[in-house]
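Chains, contacts and geometry: an overview
This is what each chain is made of:
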2 protein chains.
Amino acid sequence: MSVDAAAAPGALMATEIADQPSVLDGILTRSPKEIAEIVARIKAAAPRFVILAARGTSDHAALYAKYLLEIRLGLPCGLASPSTMTTYGARPDLRGVLFISVSQSGGSPDLVESMTTARACGALTLAVTNAPQSPLAAAAELHLDVHAGPERAVAATKSYTAELLSLYLLVDALAGGDGAAARSLPHAVATTLVHAGSIGQIAKAHANTDRVVVTGRGYSYPTARETALKLMETSYIAASAFSGADLLHGPLAMVTSGSAVITIVPDGKGGKAMQPVLERLREVSADLIVIGSAANVDGHSGIVLPAGLHEEVSPIVEIVPLQVLARELAVARGFDPDRPRGLKKVTETW
Amino acid sequence: MSVDAAAAPGALMATEIADQPSVLDGILTRSPKEIAEIVARIKAAAPRFVILAARGTSDHAALYAKYLLEIRLGLPCGLASPSTMTTYGARPDLRGVLFISVSQSGGSPDLVESMTTARACGALTLAVTNAPQSPLAAAAELHLDVHAGPERAVAATKSYTAELLSLYLLVDALAGGDGAAARSLPHAVATTLVHAGSIGQIAKAHANTDRVVVTGRGYSYPTARETALKLMETSYIAASAFSGADLLHGPLAMVTSGSAVITIVPDGKGGKAMQPVLERLREVSADLIVIGSAANVDGHSGIVLPAGLHEEVSPIVEIVPLQVLARELAVARGFDPDRPRGLKKVTETW
């Protein structure tokens, strides 16, 4: 990081977005051996249930892992409400439970406390972090390093895709896979970044947009959540994410002619399940921005994802043009996405 | 319901909000015996884990139940992502799991399908609905009727508090309680409705507000979620809900001087854990609307909750002035909250 680069608005975030192909490549090289040891420990424990604890961006990686664990392994999962253990002192019976905490910094006191409590309550504990020396990694029996490298921008980008890929490789290995679907990811992300040039136009056209709905389904629902957070923290847009099904249960009322709606519609079952939602959005003449397969983007502004990507790893590519959009929107609106109002890199909550 | 009443904007919603003390009173009279039978069945099964499946307003009742089950019973819980079973065909191992689906209508096909799948996968299944003759009730082994009576307004109000109280009585009975903390609820809600007159002023002052953040923690986090949904579906405001901790992990950036923020801060541990969040919101000069204890409301616009309410049942009272606010805001903005754009009473999703 040069001082000059840091001075231009969003330069740090741009550098880290552009780093992602090489970060993903590094994970594919380094992680399988580390993961094999963790897999052996988890298999020996034979958990019946998984609880995932995380906050912010990492909570969206945890949600992605929930879909993978339930669909690939048939392991029921829950996302923790950390306050039940920290604020209310709950001491649940966690025998037979795999407790996974995901955190870029591994530094938030409430996550460390719930990890410690979960371990004392009988769970097998795994910390997934970008900080092997962190208190969270120390509190857990097992640690998976996501190898994102130092992340300097406040808005997490490469640590998110690193968390996603690390969790994918872990679940795939637990299911007996060899990570084949992930091998094309560095190339797919690099290709997507090359095509991301047109996002500048989309950002300019929406520079005055003050509210956005983001929607996707299944594996792409975490992408919708992460996109909304990126837009909130860099562009201060009131962005709300809904699964396609939940959008129809109420929030659709606030979408009307010209409302900006970002939809994530890749190939696969999740994208197919989004078709009725897309129809409803077209009926109300929403201003659609589509990230997805060529057929789904056709006729809308948006970004076409590389063809042939397996749906399970698609979120690792989908989010990249949306990170670019968040950055470009912030700059178009006159903000510096590297210096979001009121935020620090490590958020400590209790 | 007279035709005249239905013609005035929000008349149906107003009637159903006002019905709540009598609905809650009816539940306290009728439900304990029905719940005793369900409790016996659950105790015999001795579940190790609970999965809750719901959408929209009922999803917020499910989230409330998650806090209660984890804190009162030490039973780890997860909220289902129904699409894992319906869209992706997951067949998780649910032996030892209590699977609870919450739905006002009991009619959404995806919830019926996930209930049927959960039962086939070995879970003990319980439907919590306002419709004993519904497909969801038929698909489950056990059914808990929330006795809200016919609900005609599209925006759910009395069915929400009826779901909350029914779930409270169920968990309290599972924990060996006698429902004592709930007995004052009909009176507390009636008192709150009397004091709700001042909400008209708050609504008028915010008639042009286009975006709102809603926040609470612990038991009050479901209240924040439900408030945001009510504002979206009746007033078309871009309302986003965050737990107090998650708000600090990013979304706080979009809150600045004059941003409208509704905070729910009752007495108890959740309200206490919100104090650092309130401080941050005051630092950035947010336009705070506070629903909570007298000490927390002091100096802000807001509504004081009746004193002496146990934190576990506080959500059943907290939401009521916020339902009134949603209705009054919709009317002040020139909308009819009984006829939200693009919504039907029963939402069918797949």
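In this text, all values refer to a predicted model and were calculated from it rather than measured experimentally.

The next thing to look at is the side chain of E151(B). Residues and elements named next belong to chain B. Structurally, E151 can be placed in the loop between β5 (142–145) and α8 (158–174). Since its relative accessible area comes to 9%, E151 is described here as buried. Side-chain polar atoms of E151 contact the backbone nitrogen of K158, separated by 3.3 Å.

Residues and elements named next belong to chain A. Read across the open sheet, the five strands follow the order β7-β6-β8-β9-β10; overall the sheet is parallel. In the strand order of this sheet, the two ends are held by β7 (238–243) and β10 (301–304), each with one partner. Taking each pair of neighbouring strands and ignoring which way they run, the sheet shows an average axis angle of 15°. As defined by bridge partners, strand β6 (residues 211–216) adjoins β7 across six bridges and the pair is classed as parallel. Across the sheet, the residue bridging to G216 is S243, located in β7. Sitting on the sheet, helix α14 (residues 275–283) is in contact with β6, β8 (260–265) and β9 (287–292), with an inclination near 160° to β8.

Turning to the environment of L281(A), a few remarks are in order. Structurally, L281(A) can be placed in helix α14. When neighbours within four sequence positions are excluded, L281(A) is seen to be in contact with T215(A), L247(A), L252(A), V255(A), V261(A), T263(A), A286(A) and L288(A).

Now for the interface of chain A and chain B. Where interface size is quoted, it is often the accessible area lost as the parts come together. The interface of chain A with chain B comprises 66 residues on the first partner and 66 residues on the second. The contact between chain A and chain B buries some 5400 Å² in all, and 55% of this surface belongs to carbon and sulfur atoms. In this structure, D93(B) engages R48(A) in a salt bridge whose closest nitrogen and oxygen atoms are separated by 3.6 Å. For the side of chain A that touches chain B, the secondary-structure elements that each account for two or more residues are β1 (49–54), α4 (57–73), β2 (77–79), α5 (83–86), α11 (221–235), β7, α12 (244–248) and α13 (269–273) of chain A. Top element by residues in the side of chain A that touches chain B is β7(A). It accounts for five residues. Of the residues belonging to the side of chain A that touches chain B, the class tally is 31 nonpolar, 19 polar and 16 charged.

Quick look at the sheet that holds β2(A) now. Residues and elements named next belong to chain A. As summarised here, the arrangement of the five strands in space is β2-β1-β3-β4-β5, forming an open sheet in which the pairing is parallel. The open sheet has two edge strands with one neighbour each: β2 and β5 (142–145). Each strand of the sheet is rotated relative to its neighbour by a mean of 20°, with strand direction disregarded. As paired strands, strand β4 (residues 124–129) and β5 are joined by four bridges and run parallel to one another. Opposite L126, over in β5, you have L142 as the bridge partner.

Moving on, we get to the packing of helix α3 (residues 20–45) of chain A against helix α8 (residues 158–174) of chain A. Residues and elements named next belong to chain A. Running from amino to carboxyl end, α3 crosses α8 at an angle of 40°, the nearest separation of the two axes being 8 Å. Classed by the angle they form, the pair α3 and α8 counts as oblique. When the axes of α3 and α8 are compared, the crossing they make is right-handed. On α8, the residues touching Q20, V23, L24, I27, L28, S31, I35, I38, V39, I42 and K43 of α3 are K158, T161, A162, L165, S166, L169, L170, A173 and L174. Of the residues assigned to the contact of α3 with α8, the class counts are 14 nonpolar, four polar and two charged.

Another aspect to go through is the relation of the copies chain A and chain B. Expressed as a screw operation, the relation of chain A to chain B combines 0.0 Å of axial shift with a rotation of 180°, fitting to an RMSD of 0.0 Å. Each copy turns onto its partner about a two-fold axis. Taking C-alpha positions as reference, the residue of chain A nearest the rotation axis is G78(A), located at 1.8 Å. Comparing interface residues between copies, 100% of those in chain A also lie at the interface in chain B; the contact surface is shared.

Residue and element names in this part refer to chain A. Structurally, chain A comprises domain 1 (11–182) and domain 2 (185–332). Taken over C-alpha atoms, the centre of domain 1 sits 25 Å from the centre of domain 2. Counting from both sides, the interface comprises 30 residues of domain 1 and, opposite them, 27 residues of domain 2. Where domain 1 abuts domain 2, roughly 2400 Å² becomes buried across the two surfaces, and 72% of that area is made up of carbon and sulfur atoms. If you sort the residues of domain 1 by the area they bury against domain 2, H60, Y64 and Y67 come out on top, with a joint share of 21%. Inspection of the region where domain 1 meets domain 2 yields two salt bridges. Note that D59 is salt-bridged to R225, the shortest N-O span being 3.9 Å. Joining domain 1 to domain 2, the criterion identifies nine residue pairs in polar contact (both at pLDDT 80 or more). At the level of secondary structure, the elements contributing two or more residues to the side of domain 1 that touches domain 2 comprise α2 (11–18), α3, α4 and α8. The element contributing the most residues to the side of domain 1 that touches domain 2 is α4, with nine residues. Considering only residue class, the side of domain 1 that touches domain 2 consists of 21 nonpolar, six polar and three charged.

Taking 1.5 Å of rise per residue, the 17 residues of α8(B) would be expected to cover 24 Å, and the 24 Å separating its terminal C-alpha atoms lies within 8% of that figure. Among the 17 residues that make up α8(B), 16 are buried, leaving the element largely enclosed by the rest of the structure.

Right, let's get into the environment of A207(A). All names here are of chain A. Structurally, A207 can be placed in the loop between α10 (199–205) and β6. Counting along the chain gives 125 residues from A207 to A332, while the straight-line C-alpha distance between them is 5.7 Å. Ignoring anything within four residues of it in the chain, the contact list for A207 reads L329, A332 and R333.

A word on the state of the cysteines. Tallied over the entire structure, the rule returns zero disulfides over all chains. The thiol sulfur of C121(A) is not disulfide-bonded, and the nearest other cysteine sulfur, from C77(B), lies at 14 Å. What makes C121(A) buried here is its relative accessible area of 13%. C77(A) provides the cysteine sulfur closest to C77(B), a residue in no disulfide bond, and the two sulfurs are 14 Å apart. In this structure C77(B) comes out as buried when scored by relative accessible area, which is 1%.

Ranked by size, the top nonpolar core spans 108 residues in total, and within it L281(A), L126(B), L170(B), L185(B) and V214(B) carry the most contacts. Considering each element in turn, this core owes the most residues, 10 residues, to α8(B). In this structure L185(B) touches L24(B), L165(B), L309(B), V313(B), I316(B) and V317(B), once residues within four positions along its chain are discounted. Membership of the second largest hydrophobic core comes to 107 residues, among which are C77(A), Y221(A), V324(A) and F242(B).

Conventions adopted
- Every chain is numbered independently, its residues counted from 1 as its sequence is written.
- Each chain takes a letter, starting from A, and each ligand takes a number, starting from 1, following the order in which they are written.
- Selection of residues for local features in this predicted model requires a pLDDT of at least 70, selection of side-chain atom pairs for listing and counting requires 80 or more, and totals for whole chains, interfaces and linings are taken over all residues.
- Excluding hydrogens and water, the side-chain figures rest on all heavy atoms present in the structure.
- Where helices and strands are cited, they refer to DSSP runs of H or I of at least four residues and of E of at least two residues respectively, numbered from the N terminus.
- A simple rule labels every residue: compare its accessible area, found with a 1.4 Å probe on the protein chains alone, to the largest value its type can have, and call it buried under 20%, exposed over 50%, or partly exposed in between.
- Polar contacts here mean pairs of N or O atoms no more than 3.5 Å apart (in protein, one a potential hydrogen donor and the other a potential acceptor; neighbouring residues in sequence count only if both atoms are side-chain atoms).
- Pairing between strands is defined by DSSP: at least two bridges between the two strands are required.
- Axis geometry follows a simple rule: fit a line to the C-alpha atoms, using only the stretch in contact for helices, then measure angles between N-to-C directions, giving values from 0 to 180 degrees.
- Contact criterion: two residues are considered in contact whenever any of their non-hydrogen atoms come within 4.5 Å of each other.
- Accessible area that two parts lose when put together, evaluated with a 1.4 Å probe and summed over both, is termed the buried area.
- Salt bridge, as applied in this entry: a Lys or Arg side-chain nitrogen positioned within 4 Å of an Asp or Glu carboxyl oxygen.
- Polar here means any residue outside two lists: the nonpolar Ala, Val, Leu, Ile, Met, Phe, Trp, Tyr, Cys and Pro, and the charged Asp, Glu, Lys and Arg; Gly therefore counts as polar.
- Angle categories: roughly parallel below 35 degrees, roughly antiparallel above 145, roughly perpendicular from 65 to 115, and oblique for all the rest.
- Take the far helix as the reference: if the near one is turned anticlockwise from it by less than a right angle, the crossing is left-handed, and if turned clockwise, right-handed.
- The copies were overlaid with a least-squares fit restricted to C-alpha atoms from residues scoring a pLDDT of at least 70 in each copy.
- Boundaries of every domain are those given by an automatic assignment or by a domain database.
- Multiplying one less than the number of residues by 1.5 Å gives the expected span of a helix.
- By definition, disulfides here are pairs of cysteine sulfur atoms that lie within 2.5 Å.
- As used in this record, nonpolar core signifies buried Ala, Val, Leu, Ile, Met, Phe, Trp, Tyr and Cys residues forming a set joined through side-chain atoms within 4.5 Å.

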